[in-house]
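# A structural walkthrough
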Amino acid sequence: MAFYFSRRKLKPREEEETGELNIVPYLDILMNLIIFMLLSITGLASFGILNVSAPSYGGPSAGVQQDPGDQPKLTLSVLISRKGYFVNSENAILGDGTAPTIPLKADGGYDFEALGANMLEIKKAFPTETKVIIAADADVPYDTLIQTMDTCRETPGSPRRLLFPDVTLAGF
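Residues numbered from 1 in each chain as written. Predicted model: local features only at pLDDT ≥ 70, side-chain atom pairs only at ≥ 80, totals over all residues. Heavy atoms only, no water.

Per an unreviewed UniProt entry, the recorded name for the chain is Biopolymer transport protein ExbD, and the organism is Stigmatella aurantiaca.

What follows is the structure, given as structure tokens:
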């Protein structure tokens, strides 16, 4: 009879011990992988950071009360098309509207020097403004978009001067 009881006691204990799965080593490996991936992603993301912001809804003065004595706000836009640059503001297009403000060069390239000179003139008229909205046609090369952003952000040369450092990319 003692044999019967001892066998009865061992059977449930054996089932309990064999039914559990030890997942601690798997969790250790998973945590190491997560930490490795987080560290490698943050290291790679810091290489290509550029200060650009998304357009806001509601217009430039939504919910903001302006003082009537202040200088009018400039909402500067630079549109890159196959014909050249269309530079305009919220109230007026700089040029006649049908032809680009800064047309392409004779060789078909974009005139970054003329764009920089135009941005410098606008900055002299509005010295406190820092924002520009840049939009491009779908077939404009990526390099042209980057060079346009750089031209609108600062003047070239050794005494660099910030023009419009707050660049916003928009759809065209």
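Right, let's talk about the nonpolar core for a bit. Counting 21 residues, the largest nonpolar core has V78, Y85, V87, M119 and I134 as the members making the most contacts within it. Listing elements by their share of this core, those giving two or more residues are β2 (76-80), β3 (84-88), α3 (112-125), β5 (131-136) and α4 (142-153). Broken down by element, this core gets its largest block of residues, 4 residues, from α3. Setting aside anything within four residues of it in sequence, one finds I134 in contact with V78, I80, L145, T148, M149, C152, V167, T168, L169 and A170. (Core = buried A, V, L, I, M, F, W, Y, C linked by side-chain atoms within 4.5 Å. Buried < 20%, exposed > 50% of the residue type's maximum accessible area, 1.4 Å probe, protein only. Helix = DSSP H or I, 4+ residues; strand = E, 2+ residues; numbered from the N terminus. Contact = heavy atoms within 4.5 Å.)

Our next topic: the pattern of salt bridges. Evaluation of the coordinates by the stated rule reveals 4 salt bridges. Notably, a salt bridge pairs D137 with R82, separated by 3.7 Å at the nearest N-O pair. With D137 in the loop between β5 and α4 and R82 in the loop between β2 and β3, this residue pair connects regions lying 55 residues apart in the sequence. Taking relative accessible area as the criterion, D137 reaches 17% and is therefore assigned buried. Counted as one network, the salt bridges with shared partners bring together R82, D137 and D139. (Salt bridge = Lys/Arg side-chain N within 4 Å of Asp/Glu carboxyl O.)

Glancing now at the layout of surface pockets. In this model, the second largest pocket occupies a volume close to 200 Å³. Taken together, F112, E113, G116, D150, T151, R153, E154, T155, P156 and R160 make up the lining of the second largest pocket. Of the residues in the lining of the second largest pocket, the class split is 2 nonpolar, 3 polar and 5 charged. (1 Å grid on protein atoms, 1.4 Å probe; cavity = no way out; pocket = protein on both sides within 12 Å on 5 of 7 lines; lining within 4 Å. Points joined across faces, edges and corners; volume = space filled by probe spheres on them. Nonpolar A, V, L, I, M, F, W, Y, C, P; charged D, E, K, R; others polar.)

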